[in-house]
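Tertiary structure, described
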Amino acid sequence: MEEPQESMTERRKELLRTIINEYVNNYLPVSSEMIVNKYKLPISPATVRNEMAELEREGYITHPHTSAGRIPSDKGYRYYVEHLMERQGGLSLPEQHNIQHQFYQVQLELNEGIRLAAGVVARTSQNVGVVSSPYVFDGRLKRLEVIGVQERLALVVAVTQDGSIKEQMLSLKEPITQEELSIISNRLNATLHNQNRTQIEKKVQDWAEELDKIVATRLVEMLRSLEQYRDVQLYREGLANILNQPEFNNISTMRQVMQTIETGTALPTLIPEILQNYESGVQVVIGGENRFDDMRLLSVVLARYGIDGQVIGVVGLVGSTRMEYNRSISTVQYIAQLMTNLLTGHSGNNFIGPT
């Protein structure tokens, strides 16, 4: 994400970082006097107030009506995650070794590993750990046919090894005969047979921009659309961690959070979307960025684990927007990598061990 905010000076960046760190640690609105006194800044509280007023005007912090202090907004947290957060140091090496040793002990027990992952994420981040069971996808190409419908229109039919069939129309720049389309089909079948979406995508990326590549690129899109992850099982651990947070001590809010995490439809809907998203890395959804109304009090940190195009799951956490994002993201990244190692070992009998 770019930094379009020309008004975000270095002083304001540091001020926003300070406000977020203080609020995450103490759950108290942050005042200009407190910042100046605690950090012994060589500027007056009035100067800090002016800078905070600008941050508030830009939407990075907000002003609770019962306090003279300021608290971060969802926009402020997003800017922090994108631009201000430390990228290292979320998990110490002793913590990593301890977690890795626990995974080494589960060995071949994949279900035990999934439950362990949810528990470790919950304990380490002090949020709710969420881990999906891995989805096995046998989307290897069995047969491809390109059938002429009109002079400049063809039907692409893909059949996978698990029997799934997908059809899509393809517009052609030039008229082409069925004989030519059949030659292309045979050539692609010889080249791409028994390969999955990821393998095909890598193979064709350097091809010349000719009809073979156009058809193969459409095939990749078709195989991706067949990757439906609707029946994965979701493991949750650590609900008490966020119910103990002061922002959820109201009974109605507590009830809403419990229902959202335990029985709501938002997480079961969100997990398949993350599985289908082929971008790597950790995805962070903060408060009001959630399109689900019942998730807007919460932030979600999710990452995929597994072998792309073959077997994939999700590791993540759910917590207050006032979470320690560096530690949360580091935890999810690390556990996702260990789950990938465990899954790779599960298929190849080569397990990780403590280092």
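The structure displayed is predicted, hence computed values, not measured ones. Here the residue numbers are simple positions, counted from 1 along each chain's written sequence. Totals for whole chains, interfaces and linings use all residues, but because this is a predicted model, local features are given only for residues with pLDDT of at least 70 and pairs of side-chain atoms are given and counted only at 80 or more. Just so you know, side-chain values use all the structure's heavy atoms and leave hydrogens and water out.

**Thoughts on the packing of helix α5 (residues 93-106) against helix α6 (residues 110-125)**
For any two helices packed against each other, the geometry comes down to the angle between their axes and how far apart the axes lie. At a minimum axis distance of 10 Å, the contact between α5 and α6 shows a crossing angle of 165°. The orientation of α5 relative to α6 falls into the category roughly antiparallel. Like other packed secondary-structure pairs, α5 and α6 cross with a definite hand, here right-handed. Listed contacts from α6 to Ile99, Gln102, Phe103 and Val106 of α5 are Glu112, Gly113, Leu116, Ala117, Val120, Arg123 and Thr124. Three residue categories are used. Nonpolar comprises Ala, Val, Leu, Ile, Met, Phe, Trp, Tyr, Cys and Pro, charged comprises Asp, Glu, Lys and Arg, and polar comprises the others, including Gly. Class assignment for the residues of the contact of α5 with α6 results in six nonpolar, three polar and two charged. Angles run from 0 to 180 degrees between N-to-C directions of axes, and those axes are lines fitted to C-alpha atoms, restricted for helices to the stretch in contact. The helix and strand labels rest on DSSP assignments: H or I over at least four residues marks a helix, E over at least two residues marks a strand, and numbering proceeds from the N terminus. Orientation is classified from the angle alone, with under 35 degrees giving roughly parallel, over 145 giving roughly antiparallel, 65 to 115 giving roughly perpendicular, and any other angle giving oblique. Crossings are sorted by hand: turned counterclockwise from the far helix by less than a right angle, the near helix makes the crossing left-handed, and turned clockwise it makes it right-handed. The contact criterion used is simple: two residues touch if any of their non-hydrogen atoms lie within 4.5 Å.

**Concerning empty space enclosed by the protein**
A pocket, in this scheme, is an open set of points on a 1 Å grid over the protein atoms alone with protein on both sides within 12 Å along at least 5 of 7 lines, while a cavity is a set where a 1.4 Å probe fits but cannot get out; residues line either one if an atom lies within 4 Å of a point. Grid points are joined across faces, edges and corners, and a volume is the space filled by probe spheres set on the points. Taken as a whole and judged by the stated rule, the model has one cavity of 30 Å³ or more. Taken together, Ser7, Met8, Arg12, Glu54, Leu55, Glu58 and Tyr60 make up the full set of residues lining the largest cavity. Tallied by class, residues from the lining of the largest cavity come to three nonpolar, one polar and three charged.

**Here's the deal with the packing of helix α1 (residues 10-26) against helix α2 (residues 32-39)**
Contact geometry for α1 and α2: axes closest at 12 Å, N-to-C directions at 95°. When the axes of α1 and α2 are compared, the pair comes out roughly perpendicular. Seen from α1, the contacting residues are Leu15, Thr18, Ile19 and Glu22; seen from α2, they are Met34, Ile35, Lys38 and Tyr39. Partitioning the contact of α1 with α2 into residue classes produces five nonpolar, one polar and two charged.

**What to know about the pairing of strand β6 (residues 153-160)**
The cut-offs for exposure are 20% and 50% of the maximum accessible area for each residue type, with area from a 1.4 Å probe on protein chains only; residues under the lower value are buried, those over the upper are exposed, and the others partly exposed. A large share of β6 lies buried, amounting to six of its eight residues. Only strands that DSSP links by at least two bridges are regarded as paired with each other. In this structure, strand β5 (residues 141-150) lies alongside β6, joined through eight bridges in antiparallel fashion. Bridging across to β6, glutamate 145 finds its partner in valine 157. With antiparallel pairing between neighbouring strands as the criterion, β5 and β6 make up a hairpin whose turn holds two residues. What sits between β6 and strand β7 (residues 165-171) in their antiparallel hairpin is a turn of four residues, with glycine 163 showing a positive phi close to 95°.

**What about the pairing of β7?**
Where β6 meets β7, seven bridges bridge the pair, whose relative direction is antiparallel. When the bridges of β7 are listed, alanine 154 appears paired with leucine 170.

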